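In case you want the letters, here they are:
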Amino acid sequence: MAEVEKQDRRVDSVELVKTYLEDETYSDALLVQSEILRLSREFLAEKGFVEILPVIVSTITDPLNHDVFEAQIDYYGNKYYVTKSMILQKQVSVLIHDKIFSFSPNLRLETAEKYSSGRHLIDFVQLDIEAKETKREEIMDLMEDLIIYVLKGILTKYSGIIEKYHPNLTVPKKPFQKISVKKAKELYGDDYEKILSERAEGPVWLIDIPLLNREFYDKQDMDNPDVLLDFDLIYPEGHGEGISGGEREHEYEQIVKRIKLKGNGLESYEDYLKLAKEGLLKHSAGCGIGIERFTKYILDLDHVEKSRLFAKAPGKYTI
Ligand code: AMP
Ligand code: MG
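Residues numbered from 1 in each chain as written. Chains lettered and ligands numbered in written order. Predicted model: local features only at pLDDT ≥ 70, side-chain atom pairs only at ≥ 80, totals over all residues. Heavy atoms only, no water.

Draft legend 1. Fine view of the pairing of strand 8 (residues 204–207). Going residue by residue along strand 8, you find V204 and L206 tucked away on one face and W205 and I207 tucked away on the opposite face as well. Here four bridges tie strand 8 to strand 9 (residues 230–235), and the two strands are oriented antiparallel to one another. Residue pairing for strand 9: V204 is matched across the bridge by I234. (Buried < 20%, exposed > 50% of the residue type's maximum accessible area, 1.4 Å probe, protein only. Helix = DSSP H or I, 4+ residues; strand = E, 2+ residues; numbered from the N terminus. Pairing = 2+ DSSP bridges.)

Below, the structure is given as structure tokens:
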């Protein structure tokens, strides 16, 4: 990305801590968030998922489909990337245990204008889930159950907090509505994601995302090669995207083709390609649900920076 001018939007640390103490949104959000973590763990353990520790630095990370500033660490003359997502590590981990999850901290140095989306941080945590030899529909079904489980638990334990921030919050019914990106575009035009989120009655799945809108690790739909076997979950009430996932590409030739299709060089994906060539990637599917955005939706917060302590919002500089 191009060089940028220095900005000094430093958040005063004393003011920040005073805000935490005075504005009860923060203490309420922490209770709800802690319960999201507890309930998600409980739910996934019961379904046979094994929790793995997050990976913070690696020789490889997610290329992402949008520009962020690079975060690299020089270690004895070699380059470590700070994790933007654990996509490769997830694909490898399912060889050891078929079903895994991790609360994975991701660093994505988003550009300052992303602040106004209300849902970007540069340092956030996603609950990353992956399962071997699994179809995307099974992951979508699992996530519907997880969301319902978490919402029910929170509405039971923290009904007073929900009443204060989001009194009309209801537990969605299965199956959630599904719409293809093609159909959504026909109905709502290019701003389909925003309009869908504003008008939806409950969470909606956006499926069949166009090939070039996502990265090489999402599997192409061979019956409909313009799209991928993937999905996003769009929260209602304007909260926007909360989950992304899909079936993964594991075949060497396909991965090479897809990296090239995006105009990217193969050099940065050396480890990915080596593993694929050895047949050490298998068919899997999975997704990530952002914890801060999930909290924002549950509490109907106007900005994701209120969903956690020490939030790093795009363009700001803080403890
Ligand atoms: P992705 O696969 O890149 O869509 O990331 C998975 C999930 O992580 C998203 O659906 C969001 O819930 C969350 N997420 C992604 N980027 C950010 C960000 N910059 N700030 C907060 N949450 C994010
Ligand atoms: Mg996404």
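We are not done yet, so read on.
Draft legend 2. Just the nonpolar core, in detail. Membership of the largest hydrophobic core comes to 43 residues, with the highest contact counts inside it found for M143, F294 and I298. Considering each element in turn, this core owes the most residues, 10 residues, to helix 4 (residues 136–157). Here I298 is in contact with V32, I36, V150, L151, I154, I162, H166 and L169, once residues within four sequence places are set aside. Counting 13 residues, the second-largest nonpolar core is a separate cluster that includes I87, L88, Y217 and Y269. (Core = buried A, V, L, I, M, F, W, Y, C linked by side-chain atoms within 4.5 Å. Contact = heavy atoms within 4.5 Å.)

Draft legend 3. Main features of the side chain of S104. Mapped onto the elements of the fold, S104 is located in strand 5 (residues 99–107). The class of S104 is buried, set by a relative accessible area of 0%. At 3.0 Å, the side chain of S104 and the side chain of N106 are in polar contact. When sequence neighbours within four positions are dropped, the list of residues in contact with S104 reads P54, M86, F124, V125, Q126 and D128. (Polar contact = N/O pair within 3.5 Å; in protein donor to acceptor, adjacent residues only side chain to side chain.)

Draft legend 4. Fine view of the environment of V4. The topology assignment puts V4 in the segment before helix 1 (13–22). Placed 107 residues apart in sequence, V4 and T111 show a C-alpha to C-alpha distance of 9.8 Å.

Draft legend 5. Structural detail: the sheet that holds strand 4 (residues 78–82). The three strands are arranged 2-4-3 in an open sheet whose pairing can be described as antiparallel. Edge positions in the sheet fall to strand 2 (57–58) and strand 3 (72–75), since each has one partner strand and no second. Where strand 2 meets strand 4, two bridges bridge the pair, whose relative direction is antiparallel. When the sheet's bridge partners are listed, V57 is paired in strand 4 with V82.

Draft legend 6. Looking closely at the packing of helix 2 (residues 24–46) against helix 10 (residues 291–299). Between helix 2 and helix 10, whose axes approach to 10 Å, the crossing angle comes to 120°. The orientation of helix 2 relative to helix 10 falls into the category oblique. In the packing of helix 2 onto helix 10, the handedness of the crossing is right-handed. Contacts from A29, V32, Q33, I36 and L37 of helix 2 reach helix 10 at I291, E292, F294, T295, I298 and L299. Tallied by class, the residues present in the contact of helix 2 with helix 10 amount to eight nonpolar, two polar and one charged. (Axes fitted to C-alpha atoms, helices over the stretch in contact; angles between N-to-C directions. Parallel < 35°, antiparallel > 145°, perpendicular 65-115°, else oblique. Left-handed = near helix turned anticlockwise from the far one by under 90°. Nonpolar A, V, L, I, M, F, W, Y, C, P; charged D, E, K, R; others polar.)

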